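If you want the building blocks of each chain, they are given just below.
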Amino acid sequence: MQVTPQSLSLKGGAQPEIFLGTVDAMIQELKTDPAKFWREALAKDGPIEIWEIKGERWLFNGNHRYQAAVQAGVDIPTSHIKVVDKTGVTIPTWRFDQMTWLSGLK
């Protein structure tokens, strides 16, 4: 089963920067062989982890994969998404429109 990235209702993430080169490389892989991309990404980086804090959802792990899926118009396998209730936890977060896009690779 798969889900569109937008349906995850995320506000932003726990890191302030996104690297354009990393996202672009992931987009190319997603367009070439999405099943292989998701399989290898899960093995290498773990699931896309979403933290729910005070009723809002924030990306904790998987910012670049999420952005690549959005830009490529590709769904994310639900087995690759982990939602964790972090009520009461305070961490720095950035809305997507507050993130800084940097050139290069992460």
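Below is a short write-up of the structure. Throughout, a residue's number is its position along its own chain's written sequence, starting from 1. For a predicted model such as this one, the threshold for reporting local features is a pLDDT of at least 70, and the threshold for listing and counting side-chain atom pairs is 80 or more; totals across whole chains, interfaces and linings nevertheless cover every residue. The side-chain values count all of the structure's non-hydrogen atoms but skip hydrogen atoms and water molecules.

A separate point is the nonpolar core. Definition used in this section: a nonpolar core is a set of buried Ala, Val, Leu, Ile, Met, Phe, Trp, Tyr and Cys residues joined via side-chain atoms within 4.5 Å. The rule is simple: take the accessible area with a 1.4 Å probe, protein chains only, and divide by the maximum for that residue type; under 20% is buried, over 50% is exposed, in between is partly exposed. In this structure, Leu8, Leu30, Trp38 and Ile76 are the most contacted members of the largest nonpolar core, which totals 22 residues. Going along the chain from the N terminus, every DSSP run of H or I of four or more residues is numbered as a helix, and every run of E of two or more is numbered as a strand. Elements represented by at least two residues in this core include exactly helix 1 (20-32), helix 2 (34-45), strand 4 (48-53) and helix 3 (63-72). Contact definition: two residues touch when any of their heavy atoms are within 4.5 Å. Look past the residues within four positions of isoleucine 76 in its chain and what remains in contact with it is Met1, Gln2, Val3, Pro5, Leu8, Trp38, Ile48, Tyr66, Ala69 and Ile81.

This brings us to the sheet that holds strand 4. Here, strands pair whenever DSSP counts at least two bridges between them. Read from one edge of the open sheet, five strands run 7-4-5-2-8, paired in mixed fashion. Every other strand in the sheet has two partners, leaving strand 7 (81-85) and strand 8 (94-95) as the edge strands with one partner each. Sheet topology places strand 4 next to strand 7; five bridges connect them, and they run parallel. Bridge pairing links glutamate 52 to aspartate 85 in strand 7. The axes used here are C-alpha line fits, helices contributing only the stretch in contact, and every angle between their N-to-C directions lies in the interval 0 to 180 degrees. Strands in contact with helix 3 are strand 2 (10-13), strand 4 and strand 5 (56-61); relative to strand 5, the strand with the most contacts, it is inclined by about 115°.

On to the pattern of salt bridges. The term salt bridge refers to a side-chain nitrogen of Lys or Arg lying within 4 Å of a carboxyl oxygen of Asp or Glu. Counted under the stated rule, the structure contains three salt bridges. The partner of glutamate 56 in a salt bridge is lysine 11, with the nearest N and O atoms 3.7 Å apart. Here glutamate 56 is found in strand 5, whereas its partner lysine 11 is found in strand 2, with 45 residues between them in sequence. Overall, lysine 11 belongs to the partly exposed group, its relative accessible area being 38%. Salt-bridge contacts for arginine 95 lead to aspartate 97; the nearest nitrogen and oxygen are separated by 3.0 Å.

Turning our eyes to something else, we now look at the side chain of arginine 65. Within the fold, arginine 65 resides in helix 3. No salt bridge is formed by the buried arginine 65; the nearest opposite charge belongs to aspartate 45, separated by 4.5 Å. Within the structure, arginine 65 has its side chain in polar contact with the backbone oxygen of glycine 46 (distance 2.7 Å). In this structure, arginine 65 is in contact with Met26, Phe37, Trp38, Ala41, Asp45, Gly46, Pro47 and Ile48, ignoring residues within four places of it in sequence. A positive count includes Lys and Arg, and a negative count includes Asp and Glu. His and the chain ends are not counted in either. Here a polar contact is taken to be a pair of N or O atoms separated by no more than 3.5 Å, where protein atoms must pair a possible hydrogen donor with a possible acceptor and residues adjacent in sequence count only if both atoms sit in side chains.

The next point concerns unusual backbone geometry. One non-glycine residue, serine 9, lies in positive phi territory at about 55°. Within the secondary structure, serine 9 is located in the loop between strand 1 (2-3) and strand 2. Despite not being glycine, lysine 54 shows a phi value in the positive range, around 50°. If you trace the backbone, lysine 54 turns up in the loop between strand 4 and strand 5.

Relative to the 18 Å expected for 13 residues at 1.5 Å per residue, helix 1 spans 18 Å between its end C-alpha atoms, a close match to the ideal helical length. Within the sequence span of helix 1, burial applies to Thr22, Val23, Met26, Ile27 and Leu30. In a view along the axis of helix 1, the buried residues occupy a sector of 140°, so they form one face of it. Set apart from the buried face of helix 1 by more than 90 degrees, the exposed residues are Lys31 and Thr32. In the core, the buried residues of helix 1 are packed alongside strand 3 (17-19), helix 2, helix 3 and strand 9 (100-102). What a helix should span is 1.5 Å times the count of its residues minus one. Along the arc lie the directions from the helix axis toward the C-beta atoms.

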